[in-house]
Amino acid sequence: QWRWLHNKDAYNNCLPGEYWDPILCPDPQTCSQNCAQEGVDEEGYVENYKASPVQGGIKLEFPSAPRVYMLDGEDKYKMFRLKNKEFTFDVDLSSLPCGMNAALYFIEMDEYGDRSGLNPGGAKYGTGYCDAQCPHMRFIRGEANLLDWKGTHWAINPDGENITGGHEGRY
């Protein structure tokens, strides 16, 4: 889900269109200090994203359901240690339209959501996610992802494979 990214001391966009605001974001560190990502409370998730709590879980409604993460307490992600273990879950796909992808997957993430001086939010605010989509994320490890930011561009990852994104191809 994309949430509003604005000047932390005002209400003008840090990413007003396809490109970062050059005054607020002349470099990743300055941008990270100037800009804040708007949070979403439980009511906002229900109203805007059709994600609501149910007994023992969560209900996500098509087509607005966001990506969600499991927390372990108030400020850290649940870390699953699954080596030689089984993980089971129940899901009702009966109302999902034909051809729709519904996925549950695990991705390595920092337990505290990359919380740092540049990213005081951390896991509590859903930050720190990084997978194959990482080059398209607005922030990577608390730093604004604006170096060579373009709609799409190619870089070479450490394995020598092409990837698309900004932040000089760094993860």
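Residues numbered from 1 in each chain as written. Predicted model: local features only at pLDDT ≥ 70, side-chain atom pairs only at ≥ 80, totals over all residues. Heavy atoms only, no water.

Asker: Residues and numbers for the packing of aromatic side chains, please.
Answerer: By the definition in use, this model includes 9 aromatic pairs. The interplanar angle of 20° and the centroid separation of 5.6 Å between the aromatic rings of W4 and Y11 together place this pair among those described as stacked. Through successive ring pairs, a cluster of aromatic residues spans F80, F87, F89 and F106. Over the ring of F80 we find K78, and its NZ or CZ is 5.7 Å from the ring centre. (Phe/Tyr/Trp six-rings, centres within 6.5 Å; stacked < 30°, edge-to-face > 60°. Lys NZ or Arg CZ within 6 Å of the ring centre and 35° of its normal.)

Asker: Kindly report on the pattern of salt bridges, identifying the contributing residues and their values.
Answerer: Applying the stated criterion across every chain yields a total of 3 salt bridges. Here E74 and K124 are joined by a salt bridge, their closest N and O atoms 3.8 Å apart. A residue pair is termed long-range when its members are at least 10 positions apart, and E74 in the loop between β4 (57-60) and β5 (139-140) and K124 in the loop between β4 and β5 qualify at 50 residues. Linking E111 and K76 is a salt bridge whose minimum nitrogen-to-oxygen distance equals 3.5 Å. One end of the pair, E111, is in the loop between β4 and β5; the other, K76, is in the loop between β4 and β5, and 35 residues separate them in sequence. Under the relative-accessibility criterion, E111 is labelled partly exposed at 23%. (Salt bridge = Lys/Arg side-chain N within 4 Å of Asp/Glu carboxyl O. Helix = DSSP H or I, 4+ residues; strand = E, 2+ residues; numbered from the N terminus. Buried < 20%, exposed > 50% of the residue type's maximum accessible area, 1.4 Å probe, protein only.)

Asker: Help me get a handle on the confidence of the model for the chain, residues and values and all.
Answerer: On average, the chain scores 80 in pLDDT, and the residues at 70 or more come to 83%. Taken element by element, the predicted model of the chain shows its lowest mean pLDDT in strand β7 (residues 154-156) (46) and its highest in helix α1 (residues 28-34) (92). Across residues 152-157 the pLDDT falls below 50, and counting only partners more than four positions away or on other chains, this stretch makes 18 contacts in the model. Low confidence marks residues 162-171, where pLDDT is under 50. Its contacts with residues over four positions away, or in another chain, come to 41 contacts. (pLDDT = per-residue confidence, 0-100. Contact = heavy atoms within 4.5 Å.)

Asker: Pulling in residues and values, what's your account of the side chain of T127?
Answerer: In this structure, T127 sits in the loop between β4 and β5. Look at T127 and you get buried, because its relative accessible area is 18%. In terms of polar contacts, T127 uses its side chain to reach the backbone carbonyl oxygen of G113, at 2.9 Å. Sequence-distant contacts of T127, defined by excluding residues within four places in its chain, comprise Y77, M109, G113, N119, G121 and G122. (Polar contact = N/O pair within 3.5 Å; in protein donor to acceptor, adjacent residues only side chain to side chain.)

Asker: Lay out the nonpolar core in plain terms, naming residues and giving numbers.
Answerer: The biggest cluster of nonpolar side chains holds 11 residues, and these are L5, C14, L15, W20, L24, C25, C31, C35, A144, L146 and W149. What C14 contacts, discounting residues up to four positions off in sequence, is L5, H6, N7, W20, D21, L24, C25 and C35. Ranked by size, the runner-up nonpolar core spans 5 residues in total, among them Y77, M109, A123 and Y129. (Core = buried A, V, L, I, M, F, W, Y, C linked by side-chain atoms within 4.5 Å.)

Asker: So what about unusual backbone geometry? Which residues, and what values?
Answerer: For K50, which is not glycine, the phi dihedral falls at a positive 55°. Along the chain, K50 turns up in the loop between α2 (42-49) and β3 (51-54). Positive phi is not limited to glycine here, since R141 has a value of about 50°. Here R141 lies in the loop between β5 and β6 (143-144). With relative accessibility at 55%, the residue R141 sits in the exposed group.

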